[in-house]
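Observations on chain architecture
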Amino acid sequence: GEYWGITPAQIRELLARLRADPSWDAKNNVYTLVNEYIKPWTQGKGIGYALLINRDEPKEVNIMVSHAWSENAEEFFEALLRSTEEDDSLFICALSLYQVQDDAGPSIMQQLGTDPGDSPFHRVLAHIRGKGEAAGVRKWLFWPHANLISVALVLLALGCYTIPMMFHHCVPTSSLCVFPESDTSDQKKLTWSESPFPWVHVFVDLAAFFFAVAACFTC
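Below, the structure is looked at part by part. (Residues numbered from 1 in each chain as written. Predicted model: local features only at pLDDT ≥ 70, side-chain atom pairs only at ≥ 80, totals over all residues. Heavy atoms only, no water.)

Notes on the environment of I108
Structurally, the position occupied by I108 is in helix α6 (residues 108–112). Once the C-alpha coordinates of I108 and L97 are considered, the two residues, eleven residues apart in sequence, prove to be 7.4 Å apart. With near-sequence residues (within four places) excluded, I108 lies in contact with Y98, Q99 and Q101. (Helix = DSSP H or I, 4+ residues; strand = E, 2+ residues; numbered from the N terminus. Contact = heavy atoms within 4.5 Å.)

Things to note about the packing of helix α1 (residues 8–20) against helix α2 (residues 30–42)
Relative to each other, α1 and α2 sit at 105°, their axes nearing to 13 Å. As far as their axial angle goes, α2 and α1 are roughly perpendicular. Between α1 and α2, the residues in contact are L14, R17 and L18 and L33, Y37 and W41, respectively. Of the residues that constitute the contact of α1 with α2, the class distribution is five nonpolar, no polar and one charged. (Axes fitted to C-alpha atoms, helices over the stretch in contact; angles between N-to-C directions. Parallel < 35°, antiparallel > 145°, perpendicular 65-115°, else oblique. Nonpolar A, V, L, I, M, F, W, Y, C, P; charged D, E, K, R; others polar.)

Considerations on the environment of Q101
Within the fold, Q101 resides in the loop between α5 (93–96) and α6. Sequence-distant contacts of Q101, defined by excluding residues within four places in its chain, comprise S107 and I108. Here I108 takes part through its backbone nitrogen, which lies 2.7 Å from a polar atom of the side chain of Q101. (Polar contact = N/O pair within 3.5 Å; in protein donor to acceptor, adjacent residues only side chain to side chain.)

Quick look at the pattern of salt bridges
Counted by the stated rule, this structure contains four salt bridges. The shortest N-O distance in the salt bridge between R12 and E86 comes to 2.9 Å. Taken together, the positions of R12 in helix α1 and E86 in the loop between α4 (73–83) and β2 (90–92) put the pair 74 residues apart, joining distant regions of the chain. Notably, a salt bridge pairs R19 with E78, separated by 3.0 Å at the nearest N-O pair. A residue pair is termed long-range when its members are at least 10 positions apart, and R19 in helix α1 and E78 in helix α4 qualify at 59 residues. (Salt bridge = Lys/Arg side-chain N within 4 Å of Asp/Glu carboxyl O.)

Considerations on the environment of N28
Inspection of the secondary structure assignment puts N28 in the loop between α1 and α2. Remark: the alpha-carbon pair of N28 and S70, spanning 42 residues in sequence, is separated by 9.0 Å. Once you skip the residues sitting within four places of it in the chain, N28 turns out to touch Y37, E71, N72 and A73.

So, the side chain of Q10
By the element assignment, Q10 lies in helix α1. With relative accessibility at 13%, the residue Q10 sits in the buried group. Non-local contacts of Q10, meaning those with residues more than four positions away in its chain, are made with I53, N54 and K59. (Buried < 20%, exposed > 50% of the residue type's maximum accessible area, 1.4 Å probe, protein only.)

Here's what the structure looks like:
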């Protein structure tokens, strides 16, 4: 399963081949694609479509594709082409497994195996994960605590915004401050005044905004 991949260029060629076939209907779903096209093309070969077209140079999979067979086949392929790079290699069960169910190759059940750990889906995902770990993904020293980054950024944002409140006793805007004052009835009143340090307030406001936005992207 780890080398039953198909490239975006080959998906594009398959899509062009289907559209050039007079019997092909743009409304066909993946069930029709497999039953009326992939199976006849691969019958008696004992290998899936992806491996058949790459038998001289099997493609190592780096993307596992999960999809619904009832969806429109053309829309499915178009979505894959929009969301992948040219050097990607995709495992797509409809194209990667041998679907014919004849004596020329393994049945679907034989390909899936009796142990989930032996299924091509599990092997492909484990292979992709292994390649990622070998490249350094998830080996970052602080990865287990990465979720704390967003919390720290939120705290920094709050800290920046409250600095003027703590030191200047005002709620800042870009150039003004809201100061609490007491009247003769001991009730608090709010008054607008010029900020004593306007550039400081602008800086901390921008810093608070930056940290808040950064926190959203690290969640």
